[in-house]
There are 2 protein chains.
Amino acid sequence: MTSRATASLCRSMGAGGQGLRASRFTLAYQPLAARCSYSSIYTPKKKERVVILGSGWAGYGLARTLSKEKYDPIVISPRSYFVFTPLLAGTAVGTLEFRVTLEPVRRAGVGFYHGWADDVDFARKVVTVEANATDDMVGRTVIPPPGPDHSQEGAQPRLKGETFDVSYDKLVIAVGAYSQTFGIPGVREHANFLRDVGDARRIRLRVLSLFEQCSYPSRSETAAQQHSKDSSLRTATPLTDDDKRALLHFAIVGGGPTGIEYAAELHDLIYDDLRKLYPDLMKFVKITVYDVAPKVLPMFDQALADYAMKVFHRNGISVKTQHHLERVRLADGYLGSEQGGLKIKIKEYGDEEVSAGLVVWSTGLMPNPLVKKLEAKALPGSEATAPETVHHLLRDRRTGGIKVDPYLRARTTTSTDPAEADDKGASVLPDVYVIGDCAVVQDNGGALPKTAQVASQQAAYLARQLNKGDAAGMPFRFRNWGTLTYLGGWKAIHQSSADKLSGWLAWVLWRGAYLTRSMSWRNKILVPVYWVITWIFGRGISRF
Amino acid sequence: MTSRATASLCRSMGAGGQGLRASRFTLAYQPLAARCSYSSIYTPKKKERVVILGSGWAGYGLARTLSKEKYDPIVISPRSYFVFTPLLAGTAVGTLEFRVTLEPVRRAGVGFYHGWADDVDFARKVVTVEANATDDMVGRTVIPPPGPDHSQEGAQPRLKGETFDVSYDKLVIAVGAYSQTFGIPGVREHANFLRDVGDARRIRLRVLSLFEQCSYPSRSETAAQQHSKDSSLRTATPLTDDDKRALLHFAIVGGGPTGIEYAAELHDLIYDDLRKLYPDLMKFVKITVYDVAPKVLPMFDQALADYAMKVFHRNGISVKTQHHLERVRLADGYLGSEQGGLKIKIKEYGDEEVSAGLVVWSTGLMPNPLVKKLEAKALPGSEATAPETVHHLLRDRRTGGIKVDPYLRARTTTSTDPAEADDKGASVLPDVYVIGDCAVVQDNGGALPKTAQVASQQAAYLARQLNKGDAAGMPFRFRNWGTLTYLGGWKAIHQSSADKLSGWLAWVLWRGAYLTRSMSWRNKILVPVYWVITWIFGRGISRF
């Protein structure tokens, strides 16, 4: 990478093509121009810095494929790693080791700052970062507490730490979306999410801990084991059978692939492994999937969804559709339990609450607070003019995401209500790209789903575009590679535009797909090693 | 296992041989007699229950080798797993996955109650257990806070949880020893131990976090990276070079094998892996081992210890002998750090404190509070008689452990000061065995060291004895298999009564020894897989 490349890039940007309303972004353009001359005079080897916010499927995917010859990529993320999310459910039950789902961002050969992107100054091309290297909640999904107006979209849920600034030449916003609790009381506090590796660890500890708690001697057992007739044997409030039934009920809310796969993996853990260790407890175990919709796995056609339901039914997993969760609260204390059992209120059941030892929440996304903040900002060059010409990022009304053009560039609007803007009148913000869950790209009329597949295709597309140094050319187009979901007991379902598959063969495909798309060679080797080890020796069950 | 075996066992115990003063333990004997008749009449298949307190080298070693045909072993431990401690330092730097050092107790085919043994009623043959299945501190070494008298040997450091009772036929006390902080202020709060897998995880996160913190842009870097001359670029209190030097100083207290091996592994992590990711920080890194003794690795002869020091010197690891640590405290806050740096006061340096980002404490053991409690108890059958005939467990004055006879049975004494008792006059407490760090067995005149080797040999001996159903026979004899210590850079030292070895060959032996003695086949396969993976791809560096 030389000054020539930089200069050519400056030219292509400076040409003002690509349908930009250049005149409206004078301030944004000036630093680039200044940089070009500065860079060619004083630091001829300076590469353009691409700052990527986020280290998920979109951000990490871009970071590892962006040319390091041509660019100086810097990732800013509160996680020091990328999580291979489809395997998370497997780590949550001990089939896989947590770390085989992780790829350290620094190993991608990019710069990295561990922290939260707190703000962006689009005029000065600077990102403000809040340092996060000592966060104790490492690896856990964080849900913002309700804001002062008791809406769910409050401020970021942490104390303000130290901040520092990072300047960029190009900015890629790939911060994803937050989990949405729909304001249901108790979900944020008592339910477990399954989006990060710390969540998986917490769920795993909780499941094993529940079995351990229920295995303490109950009053009747103690009496039976007593060899002498000594009735003074002291046993403190042992669990009754009803208590055990309550604690060993595992409730999963959300019938999408994550919820269904976790239910399937949990079933495998309990019936393959824990049954041998806690045979007396098996009669108390129950797994239930709740969903508000009339049908789970909506992305699959009816035949495959029916097959999934048949497998679940045979495995004894209940699926309750059209059930609305209204509250989660702690039950009254149980023996030895600091967390206690939970009580779930479901609309359809009236006042009668359902007991559970674990609630896994895998439904709903909401905009990242940073996206909301950026959408509310007046964009550079527009502050001083009339109110009707103030620019904002173009917000998607339905999801709250940022709308992008077919080249994944952030679109802007002059409308006072960004969501009301006429799409056709919108322009783009130069050097700012949005990919992944926080981007809304119109594709063949319908918005794309918020999936890993879309995010990684967008990352690959943008890397190709930037590596070519050509921001125009072919627009982004999503190609559906198909959807896979594991159902437990070595069975899966697969659906793509070309074919449908269910059962054991789909399970082979499911494992194969994860292997070839698992990122690093390290994990490509370790994942099958763990599959074999688990197959031979059973799942890891140490409570750690 | 049949009633015949039980009956024969009853006979062998009831014979009152083995040098027991049977008359003094009437109460203890009666339940056994009652049980024999009860068992042969009502539950002919009842096996003798062996309750094992602890799941370390001694407790777990016994549990997995004790005959399940003959006995019904139940382990009671606050940890649900056994830790293969020699590999802990390797997990603390990401060479190995944490879980490959763990063996779940339940997989040994024994009963298990997850909790703290809180008390033993030797007369009724009952252990009181405090339930612990939901402990959040899972896997962390726990140091009791100073007691009300400000001694280091306070109560167990936790709130009283629910308790329940477990009866036993034979009791094996294998609760080990606690870490000793010698009352040095700040050690309990700010130093990291390295005895359990949670400790290793915490150390690992801390080291990686320190490098991450020090990689935030400093004021000068930010200025250099700034393309425009915009001086308003905001950067909050960046770390100075002195700050980085302070945070990247790793202090290890204790020059035994654990401390030396951790220093060696840390050196490997930093120079093999982190150097590539944080090249600019290498000039600030320093590793120091402090010890109060005039020489580290006292169990090795002078030539090997000298070799170790030469290797350390070449690797840039400082070893400061005859240095006395007097206090550890938090330094004043650093950028982004919730834990901040630490300040160490060392007697030899006067008032000038040494800065460090991490203090690893690997020196000193003290008696387990349960052992102290049991030693203070009046033993059954002795309460009602004259004070000079009150029995206690025989306490070792130097270490606070329980003295055992050559068959590892707990010894008792009638002396009012147990420590003052005449060893020869002491008797044994029937059906109570003590093994591992909390047992003191006189072997060829000198006490045995508190090592994994001694504990596992005692466990193997006791299992053999109990499986034979013969509590007499050959007394326990310790055979020194030799000592191995890793020094970093594929070098180790080995010393046994037969030979001495240093360098690469000793390293091969070191790895081989761990492989063959690593417990389960699962881990025997996974450990070398991780060694190869680390050799090819480097150590795991995700902060999780």
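Let us look at the structure shown here. From a predicted model like this one, the values you see are computed outputs, not experimental measurements.

1. Focus: the overall build of chain A
Working step 1: Across its full length, chain A carries 14 helices and 27 strands.
Working step 2: The burial tally for chain A puts 60% of its 544 residues in the buried class.
Working step 3: Pairs at least 24 apart in sequence give 70% of the contacts found in chain A among residues at least 6 apart.
Working step 4: For chain A, the accessible surface area stands at approximately 21300 Å², while carbon and sulfur atoms represent 54% of it.

2. Regarding the pattern of salt bridges
Working step 1: Tallied over the full model, the rule gives 44 salt bridges over all chains.
Working step 2: Ionic pairing is found between Glu97 of chain B and Arg99 of chain A, a salt bridge with its closest N-O pair at 3.0 Å. Placement of Glu97 of chain B in the loop between helix H4 (88–92) and strand E4 (102–104) and of Arg99 of chain A in the loop between helix H4 (88–92) and strand E4 (102–104) is noted, with the two residues assigned to different chains. Taken individually, Glu97 of chain B and Arg99 of chain A each receive the classification buried, so the pair is uniform in this respect.
Working step 3: Here Asp272 of chain A and Arg539 of chain A are joined by a salt bridge, their closest N and O atoms 3.2 Å apart. A residue pair is termed long-range when its members are at least 10 positions apart, and Asp272 of chain A in helix H9 (residues 257–277) and Arg539 of chain A in the segment after helix H14 (521–537) qualify at 267 residues.
Working step 4: Accessibility expressed as a relative area gives 8% for Arg539 of chain A, which makes it buried.

3. Some remarks on the pairing of strand E21 (residues 427–434) of chain B
Residues and elements named next belong to chain B.
Working step 1: Summarising burial for E21: eight of the eight residues are buried, a large majority.
Working step 2: Sheet topology note: the strand E8 (residues 170–173)/E21 ladder contains three bridges and is parallel. Residue pairing for E21: Leu171 is matched across the bridge by Val432.
Working step 3: Two strands pair when backbone bridges link them, and strand E20 (residues 409–413) and E21 are joined in this way by three bridges, in the antiparallel orientation. Directly across from Arg411, in E21, lies its bridge partner Val428.

4. Observations regarding a nonpolar patch on the surface
All names here are of chain A.
Working step 1: Together, Trp490, Trp504, Leu505, Val508, Val532, Trp535 and Ile536 make up an exposed nonpolar region whose accessible area comes to about 760 Å².
Working step 2: Every element with two or more residues in the nonpolar patch is listed here: helix H13 (504–517) and H14.
Working step 3: Relative to the elements of secondary structure, Trp535 occurs in helix H14.
Working step 4: Look at Trp535 and you get exposed, because its relative accessible area is 60%.

What counts, and where the lines are drawn
- Residues numbered from 1 in each chain as written.
- Chains lettered and ligands numbered in written order.
- Predicted model: local features only at pLDDT ≥ 70, side-chain atom pairs only at ≥ 80, totals over all residues.
- Heavy atoms only, no water.
- Helix = DSSP H or I, 4+ residues; strand = E, 2+ residues; numbered from the N terminus.
- Buried < 20%, exposed > 50% of the residue type's maximum accessible area, 1.4 Å probe, protein only.
- Contact = heavy atoms within 4.5 Å.
- Areas by Shrake-Rupley, 256 points an atom, 1.4 Å probe, with all protein chains shown as cover.
- Salt bridge = Lys/Arg side-chain N within 4 Å of Asp/Glu carboxyl O.
- Pairing = 2+ DSSP bridges.
- Patch = residues over 30% accessible without salt bridge, like charges linked within 9 Å, V, L, I, M, F, W, Y side chains within 5 Å.

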